[in-house]
Amino acid sequence: MTIVPTPNTIKREGASRRIDVTFNVRGRDLGVVAREVEERVRALPFDRGYHPEILGEYAASRESRNRLLSLAALAIAGILLLFHVEFKSFRLTSSSSSPCPSP
């Protein structure tokens, strides 16, 4: 691990100021490193009005995964609703067997 000093640039976003801290990951999984950084940052005390935010590729992939899971849950709920409308029965909707009798 190498720590390289860089000039601090304070950026303004809305009424808040922010400073970005960046790092590159080589030879390790990005998710593992990001979770480790998150744990260590949460253990640090921050003055009132200051808070850390983890951004970047890991945060974007985590947000995408959460969005995908919630949309999948909505799709399943929609499919179950369509089954209920078609069969007019909660028992048939929740049944894993076919509602049509076999010949």
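Source: prediction; values computed, not measured. Throughout, residues of each chain are indexed from 1 in the direction in which the sequence is written. With pLDDT at 70 or above as the cut-off, local features in this predicted model cover only qualifying residues; side-chain atom pairs require 80 or more to be listed or tallied, and sums for whole chains, interfaces and linings still use all residues. Computation of side-chain values covers all heavy atoms of the structure but excludes hydrogens and water.

## What to know about the confidence of the model for the protein chain
The line we're drawing: A score from 0 to 100, pLDDT tells how confident the predictor is in each residue. Only DSSP runs of H or I covering at least 4 residues are called helices, and only runs of E covering at least 2 are called strands; the numbering of each starts at the N terminus.
Here the protein chain averages 83 in pLDDT, and 91% of its residues register 70 or above. Per-residue pLDDT, averaged within each element of the protein chain, yields its smallest value for helix H3 (residues 90-94) (75) and its largest for helix H2 (residues 57-87) (91).

## As for the packing of aromatic side chains
Rules: The pairing test for Phe, Tyr and Trp rings, Trp by its six-membered ring, is centres within 6.5 Å, and the orientation test on the planes gives stacked under 30 degrees, edge-to-face over 60, and tilted for anything in between. Three exposure classes are used, based on accessible area relative to the maximum for each residue type with a 1.4 Å probe and protein chains only: buried under 20%, partly exposed in between, and exposed over 50%.
All told, the structure shown has one aromatic pair when counted by the stated rule. For the ring pair Phe83 and Phe87, a centre distance of 5.9 Å and an interplane angle of 35 degrees mean the geometry is tilted. Placement of the pair is Phe83 and Phe87 together in helix H2, with a separation of four residues, close to one helical turn. With relative accessibility at 40%, the residue Phe83 sits in the partly exposed group.

## As for the packing of helix H1 (residues 30-42) against H2
Condition: Between N-to-C directions, angles span 0 to 180 degrees; the directions come from axes that are lines fitted to C-alpha atoms, helices contributing only their stretch in contact. Should an angle fall under 35 degrees it is called roughly parallel, over 145 degrees roughly antiparallel, and 65 to 115 degrees roughly perpendicular, with every other angle called oblique. In this description, contact between two residues means that some pair of their heavy atoms is separated by no more than 4.5 Å. When residues are sorted by character, Ala, Val, Leu, Ile, Met, Phe, Trp, Tyr, Cys and Pro go into the nonpolar class, Asp, Glu, Lys and Arg into the charged class, and all the rest, Gly among them, into the polar class.
In the contact formed by H1 and H2, the axes pass within 10 Å of each other and the chain directions differ by 100 degrees. Taken together, the axes of H1 and H2 lie roughly perpendicular to each other. Between H1 and H2, the contacting residues are Leu30, Gly31, Ala34, Arg35 and Glu38 on the first element and Glu57, Tyr58 and Arg62 on the second. Of the residues contributing to the contact of H1 with H2, the split by class is three nonpolar, one polar and four charged.

## Some thoughts on H1
This is how it is decided: Given a helix with a known number of residues, its expected span is that number minus one, times 1.5 Å. Think of the arc as the fan of directions from the helix axis to the C-beta atoms.
The first and last C-alpha atoms of H1 sit 18 Å apart over 13 residues, in line with the 18 Å expected at 1.5 Å per residue. What H1 keeps buried is the set Gly31, Val33, Ala34, Glu38 and Val41. Down the axis of H1, the smallest arc covering the buried residues is 160 degrees, so these residues share one side. Of the exposed residues in H1, those oriented more than 90 degrees away from the buried face are Glu39 and Arg40.

## Concerning the environment of Ile3
Mapped onto the fold, Ile3 is located in the segment before strand E1 (10-13). When its relative accessible area of 73% is taken as the criterion, Ile3 is described as exposed. Remark: the alpha-carbon pair of Ile3 and Val33, spanning 30 residues in sequence, is separated by 15 Å.

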